[in-house]
Structure formats: structure tokens, C-alpha cells
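# What the coordinates show
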Amino acid sequence: MLVERVSLRDELLAAIPSLRAFAISFTNNRDRADDLVQETIMRAWANIDKFEPGTNMQAWLFTILRNLFHSDYRKRKHEVEDTDRAFAARLRTYPDQQSHLDFEDFRAALATLPRDQREALLLVGAQGLSYEEAAEVCQVPIGTVKSRVNRARLKLACLLSLSNEAELGPDDVTKAAVAAD
């Protein structure tokens, strides 16, 4: 068994120059090719028990290398090169403390609505159903659903002290803080 492992190790090591040339043809970058070959050898050695002696070791290694390259390519395709951190410097995130509190206020206000109004509002507003579809679900005329949704929206706006759409989302202080460099 030990002799067999030594023989397999020697075959792995003998394949490195061919693997490196193959990797360079994929990456056009010697450093990335070396990393790819190293990862290939590590994976092959970790899974050497899956290799069937007597089969083509180089073909097995080339398959591992090819699969690693394609997996890495798919992963890197979604990454953004940002060596000078210019892209990251432009990214901004609003703090979520206020939005969490606003959501809790909304949930509490929603819970105070009559069941039929809450149901109609959730079907149309949250689930995205049309008034016709919501009317079918609730088994009521379409005008009833429109009326319930309108009353629910007005009641929520009153409960949350909202007078216009500009009051939705981050407040002016938060917007100014995020906009500042």
C-alpha cells in the first residue's frame, strides 16, 4: 500500500509541468496558474483514494484543474476589481435602527386595523394581488376590497402620523449624514 502511494505521489509530481502549462493557457497569468496547479495537486492528493490505479493520472488531474478553473471563473465573474478602494468608498448604507423602529410601529398599527381591512391591505399591498384577485380571495365585490384598502391606508397614515410620501424612508438627518463624505 505504501509503495502504491509513493508511486501515485511521483505521478502527481511528474504531472506538474503539464498542469502548469495547461493552467497558464486558461488564465494567461502565471501567478493564478500556479495557484490553480497548487489547488489541483492538493485536491488530487486529498482524494487520491478515488483515483483508480491503471487509469490515466494526467487526464484525472486535468479534469480537476479544469473544474477548479471554471468554478473560480464563475465566482470571480460576480466580483468587482477595486484595488484603489474607489468603488467601496462610494458605497453607502443607511443605518437600520430607525427603519427597525419604524417597522415595529407599522406592525403595531397594522394590528389595530379591523381584520377585513388588514386582510384586504395585505393581499393588495404586500402580496401584490390585483383588486379583482383580492375580491375573489375574500369572496366580496371588487368595490368592497377597494374601499377596505383605502380605509386601511388612511387609518395607517393617521396612526403613523404620515401626511405625505416624503415621510416614508430615511429622515433628512440620516440622508444628510450618508451623503456627507
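Calculation criteria
Residues numbered from 1 in each chain as written. Predicted model: local features only at pLDDT ≥ 70, side-chain atom pairs only at ≥ 80, totals over all residues. Heavy atoms only, no water. Helix = DSSP H or I, 4+ residues; strand = E, 2+ residues; numbered from the N terminus. Buried < 20%, exposed > 50% of the residue type's maximum accessible area, 1.4 Å probe, protein only. Contact = heavy atoms within 4.5 Å. Areas by Shrake-Rupley, 256 points an atom, 1.4 Å probe, with all protein chains shown as cover. Polar contact = N/O pair within 3.5 Å; in protein donor to acceptor, adjacent residues only side chain to side chain. Axes fitted to C-alpha atoms, helices over the stretch in contact; angles between N-to-C directions. Parallel < 35°, antiparallel > 145°, perpendicular 65-115°, else oblique. Nonpolar A, V, L, I, M, F, W, Y, C, P; charged D, E, K, R; others polar. Core = buried A, V, L, I, M, F, W, Y, C linked by side-chain atoms within 4.5 Å. 1 Å grid on protein atoms, 1.4 Å probe; cavity = no way out; pocket = protein on both sides within 12 Å on 5 of 7 lines; lining within 4 Å. Points joined across faces, edges and corners; volume = space filled by probe spheres on them. Salt bridge = Lys/Arg side-chain N within 4 Å of Asp/Glu carboxyl O.

### Looking at the overall build of the chain
Check the secondary structure of the chain and you find ten helices and zero strands. Beginning at the N terminus, the succession of helices and strands in the chain can be written as α-α-α-α-α-α-α-α-α-α. Counting every position in the chain, which comprises 181 residues, the buried fraction comes to 23%. Counting only contacts in the chain whose residues sit at least 6 apart along the sequence, the fraction spanning at least 24 positions is 58%. Surface summary for the chain: the accessible area is close to 13100 Å², and the carbon and sulfur share equals 53%.

### A look at the side chain of T27
On the secondary structure map, T27 appears in helix α2 (residues 16-27). By relative accessible area, which is 12% here, T27 ends up buried. A distance of 3.0 Å separates a polar side-chain atom of T27 from the backbone oxygen of N29.

### Details of the packing of helix α8 (residues 131-138) against helix α9 (residues 142-159)
The interhelical angle for the contact between α8 and α9, taken along N-to-C directions, is 100 degrees, at an axis separation of 8 Å. Relative to α9, the element α8 is oriented roughly perpendicular. Seen from α8, the contacting residues are Y131, E132, A134 and A135; seen from α9, they are I142, V145, K146, V149 and R153. In the contact of α8 with α9, the residues fall into six nonpolar, no polar and three charged.

### Looking at the nonpolar core
Counting 19 residues, the largest nonpolar core has L12, L19, M57, W60 and L61 as the members making the most contacts within it. For this core, the secondary structure elements donating two or more residues are α1 (2-14), α2, α3 (30-46) and α4 (57-76). With seven residues, the single largest contributor to this core is α4. Within the second largest apolar cluster, 15 residues are counted, among which are L121, L123, V149 and L156.

### Comments concerning the layout of surface pockets
If you add up the space inside the second largest pocket, you get close to 190 Å³. Considering the residues around the second largest pocket, the lining is formed by T27, R32, D35, L36, E39, L68, F69, S71, D72, K75 and R76. Secondary structure elements with two or more residues in the lining of the second largest pocket: α3 and α4. Looking at which element gives the most residues to the lining of the second largest pocket, the answer is α4, with six residues. The class makeup of the residues in the lining of the second largest pocket is three nonpolar, two polar and six charged.

### Considerations on the pattern of salt bridges
Going through the model one piece at a time under the given rule, you end up with seven salt bridges. Note that R32 and D72 form a salt bridge whose closest N and O atoms lie 3.0 Å from each other. With R32 in helix α3 and D72 in helix α4, this residue pair connects regions lying 40 residues apart in the sequence. In this structure D72 comes out as buried when scored by relative accessible area, which is 18%.

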